[in-house]
Amino acid sequence: MKILVVDDFSTMRRIIKNLLRDLGFTNCEEADDGNTALPKLQNGNFDFLVTDWNMPGMQGIDLLKAVRADDRLKSMPVLMVTAESKREQIIEAAQAGVNGYIVKPFTAGTLDEKLKKIFERIDG
Amino acid sequence: MALSEKDNLERTIAQTKELLNHLEKSEIEDAQDLIDSLASDGDEDLFVEIGKLTRNLHEALSNFRMDSRITSMAASEIPDAKERLNYVIEKTEEAANKTMDMVESCTDRSKAMSKDADELLTEWKKLYARELDPGEFRSLCKKIEIHLEKNKEDADSLHSELTEVLMAQGYQDLTGQVIRQVIELVQDVEESMVNIIKMFGSMDSYESEKTKPLIKEGVEGPVIDVKKRDDVVKNQDDVDDLLSSLGF
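Residues numbered from 1 in each chain as written. Chains lettered and ligands numbered in written order. Predicted model: local features only at pLDDT ≥ 70, side-chain atom pairs only at ≥ 80, totals over all residues. Heavy atoms only, no water.

(A) Quick peek at the sheet that holds strand S2 (residues 27-31) of chain A. Residues and elements named next belong to chain A. Reading across the sheet, the 5 strands line up as S2-S1-S3-S4-S5 and stay open at both edges, with parallel pairing between neighbours. Only two strands of the sheet have a single partner each, and these edge strands are S2 and strand S5 (100-103). This sheet shows a mean twist of 20 degrees between the axes of neighbouring strands, independent of strand direction. Here 4 bridges tie strand S4 (residues 78-82) to S5, and the two strands are oriented parallel to one another. In the strand pairing of S5, methionine 80 is matched with tyrosine 101. (Pairing = 2+ DSSP bridges. Helix = DSSP H or I, 4+ residues; strand = E, 2+ residues; numbered from the N terminus. Axes fitted to C-alpha atoms, helices over the stretch in contact; angles between N-to-C directions.)

(B) Spatial organisation of the packing of aromatic side chains. Residues and elements named next belong to chain A. By the definition in use, this model includes 3 aromatic pairs over all chains. Taken together, a centroid distance of 5.9 Å and an interplanar angle of 35 degrees make the contact between phenylalanine 25 and phenylalanine 119 tilted. Separated by 94 residues along the polypeptide, phenylalanine 25 in the loop between helix H1 (10-22) and S2 and phenylalanine 119 in helix H5 (residues 108-123) bring together distant segments of the chain. Classification of phenylalanine 25 by relative accessible area gives buried; the value is 17%. Under the relative-accessibility criterion, phenylalanine 119 is labelled buried at 17%. Here the aromatic rings of phenylalanine 48 and phenylalanine 119 are separated by 5.3 Å at their centres, their planes lie at 45 degrees, and the arrangement is tilted. Here phenylalanine 48, found in strand S3 (residues 48-51), pairs with phenylalanine 119, found in helix H5; they are 71 residues apart in sequence, far enough to count as distant. (Phe/Tyr/Trp six-rings, centres within 6.5 Å; stacked < 30°, edge-to-face > 60°. Buried < 20%, exposed > 50% of the residue type's maximum accessible area, 1.4 Å probe, protein only.)

(C) Quick look at the pattern of salt bridges. For the structure on display, the rule yields 29 salt bridges over all chains. Among the salt bridges present, the one from glutamate 29 of chain A reaches lysine 2 of chain A, with a minimum N-O distance of 3.9 Å. Placement of the pair is glutamate 29 of chain A in strand S2 and lysine 2 of chain A in strand S1 (residues 2-6), with a sequence separation of 27 residues. When its relative accessible area of 19% is taken as the criterion, lysine 2 of chain A is described as buried. Each of Lys86 of chain A together with Glu220, Asp225, Arg229 and Asp231 of chain B takes part in a single network of salt bridges with overlapping partners. (Salt bridge = Lys/Arg side-chain N within 4 Å of Asp/Glu carboxyl O.)

(D) A look at helix H3 (residues 60-69) of chain A. Gly60, Ile61, Leu63, Leu64, Ala66 and Val67 of chain A are the residues of H3 of chain A that are buried. Elements that come into contact with the buried residues of H3 of chain A comprise S1, helix H2 (34-43), S3, S4 and helix H4 (87-96) of chain A. (Contact = heavy atoms within 4.5 Å.)

(E) Quick peek at the nonpolar core. Grouped together as the largest cluster of nonpolar side chains are 31 residues, with contacts concentrated most on Leu4, Val6, Leu41, Leu49, Leu63, Val67 and Tyr101 of chain A. Of all the secondary structure elements, the ones that give two or more residues to this core are S1, H2, H3, S4, H4 and S5 of chain A together with helix H6 (236-245) of chain B. No other element matches the 5 residues that H3 of chain A contributes to this core. Apart from residues no more than four positions distant in its own chain, tyrosine 101 of chain A is found in contact with Trp53, Leu79, Met80, Thr82, Glu84, Gln89, Ile90 and Ala93 of chain A together with Gln236, Val239 and Leu243 of chain B. In terms of nonpolar packing, the next biggest core, distinct from the first, is built from 18 residues, Ile3, Ile16, Ile102 and Phe119 of chain A among them. (Core = buried A, V, L, I, M, F, W, Y, C linked by side-chain atoms within 4.5 Å.)

Right under this line is the structure:
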């Protein structure tokens, strides 16, 4: 399973990569905003996208919409890990087709739980 | 009430005619009284004018004082504050990376220790089950000795890595001091802005604006005043509830 982790803060990317590695996902790549993430997704055979919302350049919500609008990427599961916590934003992400939404600060347990839930849905 | 120029002029003409009248009739005392009253009218005007000038001068002076503070804030204090906040980002990033370096190293070490102990336990159980021949027993003893020596080394390394994690937390003190300075500057800027509003704007709209809740459009990052807000979720459970209410 190849995962792309998108966050503008390198420390958060590192935290998420470490947690994913502990959960058995060792094939991770990074991008620091939507603009750098989208070409990687289009050319990189990724299976899963973990993205922040608030980033300079292209924001996570726009990356999600771009993924859903791209014929080759539209079925890719997307997990949002973000500090954005307004109800209307969570609803917007849900309407844009997000598969999971985690608010920062979060725990390793939450990440594990949401990943399992997403994969159960895909397998089921 | 101030008189218009036309009224003033008419009054002055009338008074002058009256004065001339008194002089023609040689009514010197009356003329003198009139001159005195004219002079004191002039004094009142003069005092009003001096009052106005004083007020203008006072405002100009306080404007000047405020201007020089704003100039220094814009020219040096705010750029300096930006540098300080960048320093906070740098220091916190440095500390986070240092901590993660150590955590990753500790994690690798603990995984190796666990794997090593697992292998030894398997052989140890064989010993209890009398499945080891004397050669294997000697080899097990040697392995246990190596494991214990390595354990000691690992424990020492863990200790020094944890000390580094501890020391990396020093960022909190350094960044706390810097942020406190920036808070003071923000407070000064706020005061200056209130002064400007007092002088050129409306204090009433300032006061009424103060009571309105602050509405932030779009992305805003972490919410600081969660308790005062009803448009945000409080935690992950709230997110999950909201999503499941939407059919997720």
